[in-house]
Amino acid sequence: MSSALTDLCRYPIVQAPMAGGPSCPQLVAAVAEAGGLGFLAAGYKTADGMYNEIKQVRGLTGQPFGVNLFMPQPNLADPAAVEVYRHQLAGETSWYETPLGETDACGDDGYEAKLAILLEDPVPVVSFTFGCPSRDTLDAFAAAGTYTVVTVTSPEEAQAAQWAGADAVCAQGVEAGGHQSTFRDDPQTDGSGTGLLCLVTQVRETVQIPVIAAGGLMRGSQIAAVLAAGADAAQLGTAFLVCPESGAHLLHKQALTNPLFVRTTLTRAFSGRPARGLVNRFVREHGPYAPAAYPQVHHLTAVLRKAAAKAGDAQGMALWAGQGHRMARELPAGRLVRLLAEELDAARTALSTRSTQ
């Protein structure tokens, strides 16, 4: 790893920031204590809610950790398309006996207020999703001593992040669970994402800053592969979802290895932005018709998703998962970090042995 990343964690293992509850303080602290880099997800939280979780992590560990922010999104949604989707969801409101959410909520996710808190009381690392901050913002974090990471899905986005002054990029392959972190949400490019190994190589040849690889990684041998391809560290999300410290709903955890859910797909059904999750009834019925309208669709379906969880119905929940979800291991987060590190060492030793034979 690069020296800056080495200072942040003992192992080249990053726990992905998973918005909506999974990346809770207990998970972040457990990963950090074991030698990985844990990340809080500030997405969908208020600025005060984010700060309360930061204080909780600080009370649980003295190790470095990160906070992830959603970039503000331009309002490009077609109101008519959102209304059509609202009508298409009418059956869901009857089934779960709950109204749909309002779509006029602010689309900036409290970005400026969160920036102000993180600059006033800095954390070791801040990462960004759905775009790249301005140079002024990244310079301000540099002055505060905060290491910055921008999530990218193409060499062009990585280059833009480097030009803006990011310390590192997180290259997210199409295999990754949850939202695809493209800078621009273009429906014409749905399903055309790049696989992780190819993406890491392309990004490594484009930028000079450190690269963190993310997408479908579940084993130490896979971490070894992305490091060999040019990454400086590996980010895993789905692998940590089933840990007891994870804040993910129990139904979500169980679904990852449930034979009823055999595959994942990219869908706009729950949020209006492409996100990879397990294929369930909601995805099958509404995915083909969901408009490109984030965060309007997210707010529209939020109440439905909560009602489905309360009813114990995984078929109506957003079950975000990467392509490697069937390899999930129900281990404490600290044990998982150490096991991944052991598998990484074993893979490197095996490769070294073969190369000398």
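So, how was this worked out
Residues numbered from 1 in each chain as written. Predicted model: local features only at pLDDT ≥ 70, side-chain atom pairs only at ≥ 80, totals over all residues. Heavy atoms only, no water. Helix = DSSP H or I, 4+ residues; strand = E, 2+ residues; numbered from the N terminus. Rg over C-alpha atoms; globule rule 2.2 N^0.38 Å. Buried < 20%, exposed > 50% of the residue type's maximum accessible area, 1.4 Å probe, protein only. Contact = heavy atoms within 4.5 Å. Areas by Shrake-Rupley, 256 points an atom, 1.4 Å probe, with all protein chains shown as cover. Lys, Arg positive; Asp, Glu negative; His and termini not counted. Charge placed at Lys NZ, Arg CZ, Asp CG, Glu CD. Pairing = 2+ DSSP bridges. Right-handed = clockwise from strand over helix to strand, strands pointing away. 1 Å grid on protein atoms, 1.4 Å probe; cavity = no way out; pocket = protein on both sides within 12 Å on 5 of 7 lines; lining within 4 Å. Points joined across faces, edges and corners; volume = space filled by probe spheres on them. Nonpolar A, V, L, I, M, F, W, Y, C, P; charged D, E, K, R; others polar. Phe/Tyr/Trp six-rings, centres within 6.5 Å; stacked < 30°, edge-to-face > 60°. Disulfide = S-S within 2.5 Å.

Trainee: Is there a simple way to explain the overall build of the protein in this structure?
Mentor: Across its full length, the protein holds 15 helices and eleven strands. In summary, the protein has a C-alpha radius of gyration of 19 Å against a globular reference of 21 Å for 357 residues, a match within 12%. With the principal axes as the frame, the protein shows a C-alpha extent of 65 × 45 × 40 Å. Taking all 357 residues of the protein together, the buried fraction comes to 57%. Considering only residue pairs separated by 6 or more positions, the protein has 68% of its internal contacts joining residues 24 or more positions apart. Summing over all exposed atoms, the protein offers an accessible surface of approximately 14700 Å²; the carbon and sulfur share of this is 52%. In the protein, the 26 positive side-chain charges and the 33 negative ones have mean positions that sit 7 Å from each other.

Trainee: Before we go on, may I ask you to explain the side chain of Thr153 in this structure?
Mentor: Tracing the backbone shows Thr153 in the loop between strand 5 (147-152) and helix 8 (155-164). Residue contacts for Thr153: discarding those within four places in its chain leaves Gln172, Ser181, Thr182 and Leu199.

Trainee: Teacher, can you tell me more about the pairing of strand 3 (residues 65-70) here?
Mentor: Strand residues, when the strand is regular, have side chains that alternate between the two faces of the sheet. Counting buried positions along strand 3 gives six out of six residues, so the element sits mostly inside the fold. Neither face of strand 3 is open: one carries Phe65, Val67 and Leu69, the other Gly66, Asn68 and Phe70, and all of them are buried. Judged from the four bridges that link them, strand 2 (residues 38-41) and strand 3 form a sheet pairing that is parallel. Looking across to strand 3, one finds that Ala41 is bridged to Asn68. Between the parallel pair strand 2 and strand 3, the chain is carried across by helix 3 (residues 47-60), and the sense of this crossover is right-handed.

Trainee: Even after reading the chapter, I still don't get the layout of surface pockets, so can you show me in this structure?
Mentor: The probe, sized like a water molecule, is rolled over the atoms to show the empty space still left. If you add up the space inside the largest pocket, you get close to 570 Å³. Ranked by residues supplied to the lining of the largest pocket, first place goes to helix 14 (residues 296-310) with seven residues.

Trainee: Quick question: what am I supposed to make of empty space enclosed by the protein here?
Mentor: Tallied over the entire structure, the rule returns one cavity of 30 Å³ or more. One number sums up the size of the largest cavity: a volume of about 590 Å³. Surrounding the largest cavity, 37 residues form its lining, Ala16, Pro17, Met18, Gly177 and Gly178 being those nearest its centre. When contributions to the lining of the largest cavity are tallied by element, the ones reaching two or more residues are strand 2, strand 3, strand 4 (125-129), strand 5, strand 6 (168-172), strand 7 (178-179), strand 9 (233-236) and helix 11 (238-241). It is helix 11 that contributes the most residues to the lining of the largest cavity, three residues altogether. Each residue belonging to the lining of the largest cavity can be placed in one class, and the counts come to 20 nonpolar, 17 polar and no charged.

Trainee: I keep staring at the environment of Thr129 and nothing clicks. Help me out?
Mentor: Within the secondary structure layout, Thr129 lies in strand 4. Those residues in contact with Thr129 that lie beyond four places of it in its chain are Asn68, Leu69, Phe70, Met71, Thr151 and Ser181.

Trainee: Would you mind going over the packing of aromatic side chains with me for this structure?
Mentor: Any two aromatic rings considered together are summarised by their centre-to-centre distance and by the angle between their planes. Taken as a whole and assessed by the stated rule, the structure comprises six aromatic pairs. Measuring from centroid to centroid gives 5.2 Å for Tyr44 and Phe70, while their planes differ by 85 degrees, and the two rings are edge-to-face. Here Phe70 lies in strand 3 and Tyr44 lies in the loop between strand 2 and helix 3, a separation of 26 residues in the sequence. Among the residues examined, Tyr44 registers a relative accessible area of 31% and is labelled partly exposed. Each ring, one from Phe130 and one from Tyr294, has its centre 5.4 Å from the other, and the planes form 65 degrees; the classification is edge-to-face. With Phe130 in the loop between strand 4 and helix 7 (135-144) and Tyr294 in the loop between helix 13 (281-286) and helix 14, the pair connects residues that are 164 residues apart, well separated along the chain.

Trainee: Explain the environment of Val207 to me, please; I cannot follow it from the model alone.
Mentor: With respect to the element layout, Val207 can be found in the loop between helix 9 (196-204) and strand 8 (211-214). Separated by 45 residues in sequence, Val207 and Gln162 place their C-alpha atoms 6.8 Å apart. Those residues in contact with Val207, other than ones at most four positions away along the chain, are Ala158, Gln159 and Gln162.

Trainee: Honestly, the state of the cysteines in this entry has me stumped. Any pointers?
Mentor: A disulfide bridge is the covalent bond that connects two cysteines by way of their sulfur atoms. Tallying each qualifying case throughout the model produces zero disulfides. Residue Cys198 stays outside any disulfide, its sulfur separated by 16 Å from that of Cys170, the closest cysteine. The structure places no disulfide on Cys243, whose sulfur is separated from the nearest cysteine sulfur, that of Cys24, by 10 Å.

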